[in-house]
Amino acid sequence: MRNPTLHELQHPGTSDDAHAHHHPFLQHHFEDLGQQHEASTLGMWFFVAQEILFFGGIFMAYSVYRHMYPEAWSAGAHHQNWKIGLFNTIVLIGSSLTMALAVWGAQGAKRKLTTVMLVLTLLLGMTFVGVKGFEYREHIHEGLFPGSHFTYVDHAHPELTRGVELFMVFYFTMTGLHALHMIIGAGLLIWFIKRAWRGDFGPEYYSPVEIMGLYWHFVDIVWIFLFPLLYLIH
Amino acid sequence: MTSTTIDDAPFIEPSATAKRNYLNDEYGVLSWLLTRDHKRIAILYAISVTIFFFVGGIFAFLMRLELLTPEGDLFTSDTYNKLFTLHGIVMIFFFLIPAIPAVIGNFILPIMLGAKDLAFPKINLLSWYIYIIGGTFGVIVIITGGVDTGWTFYTPFSTQYSNTHVFLTTLGAFITGFSSILTGLNFLVTIHRMRAPGLTWFRLPLFVWSIYATSVVIMLATPVLAITLVLLMVERVLHVGIFDPALGGDPVLYQHMFWFYSHPAVYIMILPGMAVISECVAAFTRKKIFGYKFVAFSSLAIAFLGFLVWAHHLFIAGISIYSAMIFSFLTMLVAVPSAIKVFNWTATLYKASVSWQTPMLYVLGFIGLFTIGGVTGLFLGALGIDVHVHDSYFVVAHFHYIMVGGTIMAYLAGIHYWWPKITGRMYPEWWARLSALLVFVGFNLTFFPQFLVGYVGMPRRYHAYAPEFQVLNVLSTAGATILAAGYILPMIYLGWSLKFGRKAGPNPWGAVGLEWATSSPPPKENFHETPTVTWEAYDYPAFLKAMRETQDA
């Protein structure tokens, strides 16, 4: 006789269904798919919590220097093309929509819809990163890449040059870390596209797509803060 | 303690006498390197942190040798700078932070919860590999010439002036940070979602509460260090002025960001020690811990308050007197939950029939030394005294009382306490008691003189000093020799016991807890059937009754 788990006591009936099929994706150390799903979702929420602190540190440093060098920060923001930024923002919000639809498709065992939506998410994400790369190229051409390549001089206000360089340090570090998160997300998407096409996901087992969605939305939200801070506020 | 009755204590694991366990379930190097069993991963961590402990110890010993005489005659000042830097980095990032959580926590926590494994076994293995990659950077730095910034990497020295391997070292620390983040995350999810039926929050062993608090701190503080080190690496590589005042940056901001992690990191190191102490006190007094809920919540209170005190490291760095006063006050507040723990352990000892096994000797050492370390922490939290003793050996003595007198004592207590569970063998009691005594005497002789010499003005981090400080420094070096013997001895007798130690029963201490309900060593899946918890934490009669009933059934 197997003792009921805490999860089964709280959610009667869930485990018998799962055990009846012996679902291929139920890992041995979990009692049932419900417990496995709750564990992986909670794990991703905790991961997002640590990500918030990770980005929080650099947002804090950004704020300190914005307060210290307001004119330079304003001059730095003028070198950003807000139209491109807005375009990328729309692309990213669109990818969040397709990601959410992919989760919905996985829950409903809509294999083709899930796959198509994950592919669209990947394409939109890569569009974002590509546009970002184009922006980087422009900045480097203008001599705005910090360090020894920084040849830019603010002729109207030469005293702001150091501050603009510092702004660009934050610009490249913040958007660079964000783009790195996008690229990691894209790698995961490729893996999940393969799994979705294979038909791994369904009403019983869709946690990977759902926690992928949590991650993707989080990375989008970071951009929602970066866009005004780096492009819009003068 | 009469061990004969203890060996007869009932247990619920029916296969306790069976031959299969996690150690002999599979053989071969790959069965270890690719294992997802939390117990084997704990062993991998145990071996790695032990190696780093002795590496860090060698640096400490070389420093103590240099300080035997007032002249800087053994090493140049540059070499000495590298010695104390590497000692700090190796001990903190590669030993103290992972030691108790990743070794003892990894092994014991899932068993305490009645779970088959941690929630994410593959991520657990990944944590170890990330730790090894980070550690490899550390080893490369050591072999190729070291680093001389101090373990705090203060800017702008670290970013603009130091000609040593700052980038590689910070990259190693950055990478290792993700190892502890993933371990903390794994523990949190496991505690939330993998408890056995009946194991409610207030039935959890206090070990679990303290590890929970540790994991919260790991998860919320470590990413801030990560981003700080990213900014540091960016500044060093590009030569821009994020933290360099000459280029428009703010070095005090670096200190704020660094200590926002590194002060909570002190609690990452001491809270797991407190976790072990609570278990050992309950086991060797055979009593419930006095004021269970106070001890449980004091862990969370330490974790919370620990985030609010970082700027007490900056009292002389130029922060405003008003923020210094606030941080001084908040620092005093941390003493409250810490004192609650000490008082409650002491109250548990009161009128108990205490058995003086080795873990208990370490526990008593911990309680005394942690108290001294904590109270001197209050001295340092007080603004006036801090200005006087800042950057002196008083500070060195203070944090070694917490880190070595506290955490390492607790680690050794835990290793001895759970040794029979981990290996299935008893360690030799006489030798273990001798080494506990050596550690205690050696520790105090090493570090108590440093309080005195620091208070009268010997600054830290110099290889030469004024001749009037020599007597106390000779005492300190003599103590370090005894301490080293106390640390090497367990390596020998614990190794011996693996083959020749007396076989341990499932519950050699007659303690309460699910880990004592399974065989020693445990089977691969910890329990053949998920246990049901019907007893309150440390309720000896109820636990023994439950064990008997399950055994009869």
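Our structure's up above, just so we're on the same page.
Residues numbered from 1 in each chain as written. Chains lettered and ligands numbered in written order. Predicted model: local features only at pLDDT ≥ 70, side-chain atom pairs only at ≥ 80, totals over all residues.

*Asks:* Account for the packing of helix H4 (residues 70-77) of chain A against helix H7 (residues 161-198) of chain A, naming residues and giving values.
*Replies:* All names here are of chain A. Contact pair H4 / H7: the axes reach a minimum separation of 8 Å and the direction vectors enclose 60°. The orientation of H4 relative to H7 falls into the category oblique. Handedness of the H4/H7 crossing: right-handed. Counted together, Ala72, Trp73, Ala75 and Gly76 of H4 and Gly163, Val164, Leu166, Phe167, Met168 and Tyr171 of H7 form the full contact between these two elements. Of the residues in the contact of H4 with H7, the class split is eight nonpolar, two polar and no charged. (Axes fitted to C-alpha atoms, helices over the stretch in contact; angles between N-to-C directions. Helix = DSSP H or I, 4+ residues; strand = E, 2+ residues; numbered from the N terminus. Parallel < 35°, antiparallel > 145°, perpendicular 65-115°, else oblique. Left-handed = near helix turned anticlockwise from the far one by under 90°. Contact = placed C-beta atoms within 7 Å. Nonpolar A, V, L, I, M, F, W, Y, C, P; charged D, E, K, R; others polar.)

*Asks:* Quick one: what's the story with helix H16 (residues 470-500) of chain B, residue by residue and with numbers?
*Replies:* Residues and elements named next belong to chain B. Across its 31 residues, H16 extends 45 Å between first and last C-alpha, which sits within 8% of the 45 Å expected from 1.5 Å per residue. When H16 is considered as a whole, its buried residues turn out to be Leu472, Asn473, Ser476, Thr477, Gly479, Ala480, Leu483, Ala484, Gly486, Pro490, Leu494 and Ser497. Looking at the buried side of H16, the elements it contacts are helix H3 (38-66), helix H14 (393-423) and helix H15 (429-455). (Expected span 1.5 Å × (residues − 1). Buried ≥ 20, exposed ≤ 12 C-beta atoms within 10 Å, placed from the backbone.)

*Asks:* Outline the nonpolar core, listing residues and values.
*Replies:* Residue and element names in this part refer to chain B. Counting 230 residues, the largest nonpolar core has Val208, Ile277, Cys280 and Ala413 as its most contacted members. For this core, the leading source of residues is helix H4 (residues 77-112), giving 23 residues. For Val208, the residues in contact, after removing those within four places along its chain, are Leu109, Met112, Leu113 and Ile191. (Core = buried A, V, L, I, M, F, W, Y, C linked by C-beta atoms within 7 Å.)

*Asks:* Can you break down the environment of Pro101 of chain B residue by residue, with the values?
*Replies:* For Pro101 of chain B, the location among the structural elements is in helix H4. When neighbours within four sequence positions are excluded, Pro101 of chain B is seen to be in contact with Thr183, Ile211, Thr214 and Pro272 of chain B.

*Asks:* Explain the interface of chain B and chain A to me, using residue names and the numbers behind them.
*Replies:* Taken together, the contact pairs 37 residues of chain B with 31 residues of chain A. For the side of chain B that touches chain A, the secondary structure elements donating two or more residues are helix H7 (166-193), helix H8 (206-238) and helix H9 (251-285) of chain B. With eleven residues, H8 of chain B is the largest single contributor of residues to the side of chain B that touches chain A. Within the side of chain B that touches chain A, the residues separate by chemical class into 24 nonpolar, seven polar and six charged.

*Asks:* How would you sum up unusual backbone geometry? Please name residues and give values.
*Replies:* Excluding glycine, residues mostly have negative phi values, and the peptide bonds linking residues are mostly trans. Residues and elements named next belong to chain B. For the bond running from Thr155 to Pro156, omega is -5°, close enough to zero to count as cis. Along the polypeptide, Pro156 turns up in the loop between helix H5 (121-143) and helix H6 (157-161). Cis geometry marks the peptide bond from Ser520 to Pro521; its omega dihedral reads -10°. Along the polypeptide, Pro521 turns up in the loop between H16 and helix H17 (540-552).

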